Each structure stands twice: as structure tokens, then as C-alpha cells.
Amino acid sequence: MGMVLDVVVYSVVVDGLYKEGCLKEALDLCERMRAKGVHPNIVTYNSVISDLQDANELYKRMVLKGLIPNTCVYNSLINGNYNYGLIEQALDLVIHMEESGQIPDASTISFVLGGYSVKGDMETTLLFFGEC
């Protein structure tokens, strides 16, 4: 057929595998991409990053490879960490987000506020809300 398998094509397949519950296969495909000289990008990683168990590891891989996660990727990670009660890890991600030049958006702020609220830390919630 002569079709070039580039990062866009691979990313679509990775996303499809993840959505069908085939996380291991999606991650394996990312490795095969690299072996063929096609490097996963932000879109590729964002497809599978909403599964927190593997998301933090993928985040580390992205950073080690020199990829700067975008706001969408950071928001997925921040929200996932908050949902699992990992407040400090989520806050570290907010700091890394700002240090990398990504601007927290309304979703980021709502995840931070929600995380403090769920934790029952209304004092910090109100303090943070006052800084927004």
C-alpha cells in the first residue's frame, strides 16, 4: 500500500488499544515505535496517561526523552493523583507544570481546589482560591 507509519498513525492505534482496555498492548506498541525510529509524542502519551498506575511512569519517560508535557497531559496527571488521594504528588506536578512553562488553566485550578476539598482541607482550599 505504501503507507508511511508515522507518529500520527501510531498514536491513533495506541489510542484505540487503550480505549479497548489493552493498555499493555498500547505500551508495547510505543516501544515498537521507538525500535522503528518513530518516537512517541505528547499526543501518543496523552492517549494512555489517564490510567494512573502507568501514568506517572509514562510522565517520567516523557520528561527523560525531552518531551514537555502540555497542559492537557498535566491536567490528566494532576486529576488522577488527586483522585487517588496523592495530594502532594499532584501539587508537585502543578509546580513542575509551571516550571516547564505550561500555564495552569481553569481545569488545573478546579482539580487543585477539588483535591483539597476532598481531603477535607477547607482552610487551604480557601487560601488557594483566594490566590487565583
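If you're wondering where the values come from, they're calculated on a predicted model, not measured in any experiment.

A. Region of interest: the overall build of the protein. Scanning the protein from terminus to terminus reveals eight helices and zero strands. The buried share of the protein, taken over its 132 residues, is 35%. Put simply, 53% of the contacts in the protein that link residues at least 6 apart link residues at least 24 apart. Entry remark: accessible area of the protein is about 7700 Å², with carbon and sulfur atoms responsible for 59%.

B. Region of the structure containing the packing of helix 5 (residues 71-83) against helix 7 (residues 106-119). At a minimum axis separation of 10 Å, helix 5 and helix 7 run at an interaxial angle of 10 degrees. In this view, helix 5 runs roughly parallel relative to helix 7, as classed from their interaxial angle. Contacts between helix 5 and helix 7 involve Thr71, Asn75, Ile78, Asn79 and Tyr82 on the former and, on the latter, Ser107, Thr108, Phe111, Val112 and Gly115. Class assignment of the residues belonging to the contact of helix 5 with helix 7 gives a composition of four nonpolar, six polar and no charged.

C. Quick peek at the confidence of the model for the protein. Model confidence for the protein is summarised by a mean pLDDT of 81, while 89% of its residues fall at 70 or above. Here helix 8 (residues 122-131) stands out as the least confident element of the protein, with mean pLDDT 71; helix 6 (residues 87-99) is the most confident, with 90.

D. Up close: the packing of helix 5 against helix 6. Helix 6 packs onto helix 5 with a crossing angle of 165 degrees between their chain directions and a minimal axis gap of 7 Å. Classified by the angle their axes make, helix 5 and helix 6 are roughly antiparallel. You can see that helix 5 and helix 6 cross each other, and the crossing is left-handed. Facing Thr71, Tyr74, Asn75, Leu77, Ile78, Asn81 and Tyr82 of helix 5, the residues of helix 6 in contact are Ile87, Gln89, Ala90, Leu91, Leu93, Val94, His96 and Met97. Among the residues forming the contact of helix 5 with helix 6, the class breakdown is 10 nonpolar, five polar and no charged.

E. Looking closely at the packing of aromatic side chains. Going through the model one piece at a time under the given rule, you end up with one aromatic pair. Taken together, a centroid distance of 5.8 Å and an interplanar angle of 65 degrees make the contact between Tyr59 and Tyr74 edge-to-face. Taken as a pair, Tyr59 in helix 4 (residues 52-64) and Tyr74 in helix 5 lie far apart in primary sequence, 15 residues in all.

F. Structural context of the nonpolar core. One finds Val14, Val48, Ile78 and Tyr82 to be the most contacted residues of the largest nonpolar core, which totals 29 residues. Mapped by element, the contributors of at least two residues to this core are helix 1 (7-19), helix 2 (23-35), helix 3 (42-48), helix 4, helix 5, helix 6 and helix 7. Dropping the residues within four chain positions of it, Ile78 is found in contact with Ala90, Leu93, Val94, Met97, Thr108 and Phe111.

G. Main features of the environment of Pro104. With respect to the helices, strands and loops of the structure, Pro104 is situated in the loop between helix 6 and helix 7. Assessed through its relative accessible area of 23%, Pro104 is described here as partly exposed. Among residues more than four places away in sequence, those in contact with Pro104 are Met97, Glu98 and Ile109.

H. Up close: the side chain of Thr71. Along the chain, the position of Thr71 falls in helix 5. Beyond its immediate stretch of four places on either side in the chain, Thr71 contacts Met97, Gln102, Ile103, Asp105 and Thr108.

I. Geometry of the environment of Leu127. Considering the arrangement of structural elements, one finds Leu127 in helix 8. In this structure the C-alpha to C-alpha distance between Leu127 and Leu113, which are 14 residues apart in sequence, comes to 9.8 Å.

So, how was this worked out
- Residues numbered from 1 in each chain as written.
- Predicted model: local features only at pLDDT ≥ 70, side-chain atom pairs only at ≥ 80, totals over all residues.
- Heavy atoms only, no water.
- Helix = DSSP H or I, 4+ residues; strand = E, 2+ residues; numbered from the N terminus.
- Buried < 20%, exposed > 50% of the residue type's maximum accessible area, 1.4 Å probe, protein only.
- Contact = heavy atoms within 4.5 Å.
- Areas by Shrake-Rupley, 256 points an atom, 1.4 Å probe, with all protein chains shown as cover.
- Axes fitted to C-alpha atoms, helices over the stretch in contact; angles between N-to-C directions.
- Parallel < 35°, antiparallel > 145°, perpendicular 65-115°, else oblique.
- Nonpolar A, V, L, I, M, F, W, Y, C, P; charged D, E, K, R; others polar.
- pLDDT = per-residue confidence, 0-100.
- Left-handed = near helix turned anticlockwise from the far one by under 90°.
- Phe/Tyr/Trp six-rings, centres within 6.5 Å; stacked < 30°, edge-to-face > 60°.
- Core = buried A, V, L, I, M, F, W, Y, C linked by side-chain atoms within 4.5 Å.

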